[in-house]
Amino acid sequence: MKKTLFLLFSLAFTLFVSAQSEQLAQNYMDRGEFEKAQIAYEELLKSQPSNSNYFQQTVVCYQQLQQFEKANKAIEDRLDKFKQGNLLVELGYNFQLQKNTDKAKKYYEQALDKIRKNTNEVYTIATTFEKKSLVDYALQAYQIAVALEPKNNFNFQMALLYGQKGDTDNMIEMFLTESYKTPQNLIPIQNQFTRFLTEDSKENFNEALKKAILIRIQKTQDLFWNEYLSWFYVQMKEYGKAFIQQKAIYKRNPESFANIVNLGQLAIEENDDEAAKEILGFVLENTQDLDLKIQSNAYLMEMKIKKATPQDYLAIRQELDALLKQFGESPFTLSLLKLKAHFVTFNLKDSEAGKSILKNALEMPINREQIASIKMELADILLFEEKFNQALIYYSQIESDANNSPVGQEANLKIAKTSYYKGDFKWANHQLEVLKSASTQLIANDALDLFLLISDNTVEDSTQVALKKFSHADFLLFQDKKQDALAAFQAILKENKGDAIEPVTLLRTGKIYESLGNMASALANYKLILDNFKECIYIDEALFYSAEIYSQNNEIEKAKPLYEELITKHEDSIYYVIAQKKYRKLRGDKEI
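Residues numbered from 1 in each chain as written. Predicted model: local features only at pLDDT ≥ 70, side-chain atom pairs only at ≥ 80, totals over all residues. Heavy atoms only, no water.

A. Just the overall build of the protein, in detail. From N to C terminus, the protein includes 32 helices and 0 strands. Taken along its principal axes, the extent of the C-alpha atoms in the protein is 90 × 65 × 60 Å. Among the 592 residues that make up the protein, the fraction classed as buried is 46%. Taken together, the 72 basic and 82 acidic charged side chains of the protein have centroids lying 4 Å from each other. (Helix = DSSP H or I, 4+ residues; strand = E, 2+ residues; numbered from the N terminus. Buried < 20%, exposed > 50% of the residue type's maximum accessible area, 1.4 Å probe, protein only. Lys, Arg positive; Asp, Glu negative; His and termini not counted. Charge placed at Lys NZ, Arg CZ, Asp CG, Glu CD.)

The following block contains the structure:
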């Protein structure tokens, strides 16, 4: 027993020492201290002669120190001993480093011959070619193996190699073939495509991918490719076109209805109201599911309220009452009850009625998540009533119960905003500092915007006089008192001309004018930003909002240069992708 324990202890100690030595050797490599790394790896290789990693690192040290003959001998000795085909690649690469391309090619060809004799050699040989960035040889290795044994599947690896070469046409072909052949690889492949589709990966790639998918739809009539094209349009944020594909799929496979619902939710989240209305209308026409009917109606009413004027309020109130009469007041209709509570409070200015609806809802048998949702709306109403401390109690309860979940982070953001509205900027920024890295991008963006607003307007004005006036005007906006908010922002522009607060005040004023339908005044405010505050952080928003107004009014020649300036000078803007798409459309780029 003692002898066994001693052996186990000795083995554990040996492994520990080996791990420490390996870490030390790697640290030398990372710091570029190749002489020290060489000694360390040679010692490790002596203790474990068959360890391929130690051998590889030792050879790299020789090559970094230009000890090519030493490297050559080490590789040849190992080749004689182990007969591994990938060592031929290592030999060739050692000569390539010496600019002896003829000898390098000779060994590379010998490695490829190894695959011709035994296709199983492809795994180590092709991988070694890849590690040495010998892309063409790696491709040849896979092509030889597939030609000799068609059952071999290296589509994914070959597609990646074509991508490295910049041969995107072949990359697309290989990835699409692999998607269909091996469905479990679909998500990793689409993630690879997304890397090329984002940014300005050149419209040529986008069009080439779309064309390749369309060709497969026409050739096979397989719904797999309609799904693929729908996915493509979602990446392009073209939800109406994605819906066309989903409808085609639904006609042949009614079980795919959930995909249409998901697409509708995406369109809503991305504020594509036109597509969302069409999709939700289709859902209502084709579903008997009570939950889907209620949720779709709630979404449609929410979009209607967003664009409503006071003249529409009576009709909207009647529609909400009719829907609640149709579906009843129950845990199933919480989305409609919340919407009605918000509408009567913020639009009709009847906060007592709003609170009554929500308090009744809290008496229903609802789950923890639903309780948090109702409490959040109730806190918003208390904030509307300027009961700041009571609102903070509710937000804090939600944040505490939900912890770091998206709901908890939303509550935390509202705590920060409440502090901001009260003029407690120090505490607000303390909260926002954490939320800048929130898991939900929308919350992180909002937190960052408010953090910068407070920080930027504290540097120049330590007393924060202008910021206090601005936060009060923002609070009036929260209460949906647009005319009062407009007057408050205009007073800031008059009293704080030339101050750091001016450009963001112009932006807020412009957005209020837009919501009131006064586009000329909105454009005038944005133009003041574009003309006088070219270095401010709000310039991309002024460009985008101006372009949107001109585009909607069909003033194409005025919209185009604004979109163009945004995509050429503000690539980090959150409006970059949508501006790029709209600019191409105005420019007349052809659709496939």
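B. Inspection of the layout of surface pockets at higher detail. Roughly 480 Å³ of internal volume is contained in the second largest pocket. If you go around the second largest pocket, you meet 19 residues; those closest to its centre are Gln 56, Glu 90, Thr 128, Lys 131 and Lys 132. Within the residue set of the lining of the second largest pocket, elements represented by two or more residues are α3 (52-64), α5 (86-97) and α7 (122-131). At 6 residues, the largest contribution of residues to the lining of the second largest pocket is made by α3. Partitioning the lining of the second largest pocket into residue classes produces 6 nonpolar, 9 polar and 4 charged. (1 Å grid on protein atoms, 1.4 Å probe; cavity = no way out; pocket = protein on both sides within 12 Å on 5 of 7 lines; lining within 4 Å. Points joined across faces, edges and corners; volume = space filled by probe spheres on them. Nonpolar A, V, L, I, M, F, W, Y, C, P; charged D, E, K, R; others polar.)

C. Examining unusual backbone geometry more closely. The phi dihedral of Gln 66 is positive, around 60°, even though this residue is not glycine. If you trace the backbone, Gln 66 turns up in the loop between α3 and α4 (68-82). By relative accessible area, Gln 66 is classed as exposed at 62%. Although it is not a glycine, Lys 99 adopts a positive phi angle of roughly 65°. Mapped onto the elements, Lys 99 comes out in the loop between α5 and α6 (101-117).

D. Spatial organisation of the pattern of salt bridges. One pass over the structure, following the stated rule, counts 30 salt bridges. A salt bridge links Lys 436 to Glu 433; the nearest nitrogen and oxygen atoms lie 3.2 Å apart. Look at Lys 436 and you get partly exposed, because its relative accessible area is 29%. By sharing partners, the salt bridges in this structure join Glu 352, Lys 355, Glu 385 and Lys 387 into a single network. (Salt bridge = Lys/Arg side-chain N within 4 Å of Asp/Glu carboxyl O.)

E. Seen up close, the packing of helix α23 (residues 406-422) against helix α25 (residues 441-459). Where α23 contacts α25, the two axes come as close as 10 Å, and the packing angle between them is 20°. By the criterion of interaxial angle, the relationship of α23 to α25 is roughly parallel. Seen along the crossing, α23 lies across α25 with a hand that is left-handed. Along its contact with α23, which presents Pro 406, Gln 409, Glu 410, Leu 413, Lys 417 and Tyr 420, the element α25 presents Ile 443, Asp 446, Ala 447, Leu 450, Leu 453 and Ile 454. Its residues assigned to classes, the contact of α23 with α25 shows 8 nonpolar, 1 polar and 3 charged. (Axes fitted to C-alpha atoms, helices over the stretch in contact; angles between N-to-C directions. Parallel < 35°, antiparallel > 145°, perpendicular 65-115°, else oblique. Left-handed = near helix turned anticlockwise from the far one by under 90°. Contact = heavy atoms within 4.5 Å.)

F. Region of the structure containing the packing of aromatic side chains. Counted under the stated rule, the structure contains 37 aromatic pairs. Ring geometry for Tyr 420 and Tyr 421: centres 5.6 Å apart, planes at 45°, overall tilted. In terms of burial, Tyr 420 and Tyr 421 fall into one category: buried. Following the ring pairs from residue to residue traces out a cluster consisting of Phe 156, Phe 175, Tyr 180, Phe 193, Phe 196, Phe 205, Phe 224, Trp 225, Tyr 228 and Trp 231. Looking at Lys 106, its charged tip hangs above the ring of Tyr 107, at a distance of 5.2 Å from the centre. Residue placement shows Arg 216 over the ring face of Trp 225; its charged tip is 5.4 Å from the ring centre. (Phe/Tyr/Trp six-rings, centres within 6.5 Å; stacked < 30°, edge-to-face > 60°. Lys NZ or Arg CZ within 6 Å of the ring centre and 35° of its normal.)

G. How the structure looks around helix α32 (residues 576-587). For α32, spanning 12 residues, the distance from its first C-alpha to its last is 16 Å, which sits close to the expected 16 Å at 1.5 Å a residue. Within α32, the full set of buried residues consists of Tyr 576, Ala 579, Gln 580, Tyr 583, Arg 584 and Leu 586. With its buried residues spanning 160° around the axis, α32 presents them on a single face. Of the residues one or two after α32, Gly 588 is the one with positive phi, at around 95°. (Expected span 1.5 Å × (residues − 1). Arc of directions from axis to C-beta.)

H. Representation of the packing of helix α29 (residues 519-532) against helix α30 (residues 539-552) in the model. Following both chains from N to C, one finds α29 and α30 inclined at 150°, their axes separated by 9 Å at the closest point. For the crossing formed where α29 meets α30, the hand is left-handed. The residues of α30 that touch α29, namely those facing Met 519, Ala 522, Leu 523, Tyr 526, Ile 529 and Leu 530, are Ile 539, Ala 542, Leu 543, Tyr 545, Ser 546, Ile 549 and Tyr 550. Of the residues belonging to the contact of α29 with α30, the class tally is 12 nonpolar, 1 polar and no charged.

I. Just the environment of Gly 408, in detail. The topology assignment puts Gly 408 in helix α23. Of the residues examined, Gly 408 reaches a relative accessible area of 1% and is grouped as buried. With 347 residues separating them in the primary sequence, Gly 408 and Cys 61 have C-alpha atoms 52 Å apart. Residues within four places of Gly 408 in sequence aside, it is in contact with Glu 399, Ala 402 and Asn 403.

J. Quick look at the environment of Phe 193. Within the secondary structure layout, Phe 193 lies in helix α11 (residues 186-197). Judged by relative accessible area, Phe 193 falls into the buried class, the value being 0%. Spatially, the C-alpha atoms of Phe 193 and Asn 206 are 9.4 Å apart, while their sequence positions differ by 13 residues. Non-local contacts of Phe 193, meaning those with residues more than four positions away in its chain, are made with Met 171, Ile 172, Phe 175, Leu 176, Phe 205, Leu 209, Tyr 228 and Trp 231.

K. Examining the nonpolar core more closely. Formed by 88 residues in total, the largest nonpolar core has its most connected members in Phe 129, Leu 176, Phe 193, Leu 209, Ile 213, Tyr 228 and Phe 232. The element best represented in this core is helix α8 (residues 135-148), accounting for 8 residues. Once you skip the residues sitting within four places of it in the chain, Phe 129 turns out to touch Val 89, Tyr 108, Ala 111, Leu 112, Leu 134, Tyr 137, Ala 138 and Ala 141. Core analysis: the next-biggest nonpolar cluster, separate from the first, contains 72 residues, Leu 435, Ile 443, Phe 470 and Ala 559 among them. (Core = buried A, V, L, I, M, F, W, Y, C linked by side-chain atoms within 4.5 Å.)

L. Structural detail: α30. With 14 residues, α30 extends 20 Å from end C-alpha to end C-alpha; this agrees with the ideal 20 Å at 1.5 Å per step. Buried residues dominate α30, accounting for 12 of its 14 residues. Among all positions of α30, only Ile 539, Asp 540, Glu 541, Ala 542, Leu 543, Phe 544, Tyr 545, Ser 546, Ala 547, Glu 548, Ile 549 and Tyr 550 are buried. Next to the buried residues of α30 lie α28 (502-515), α29, α31 (556-569) and α32.

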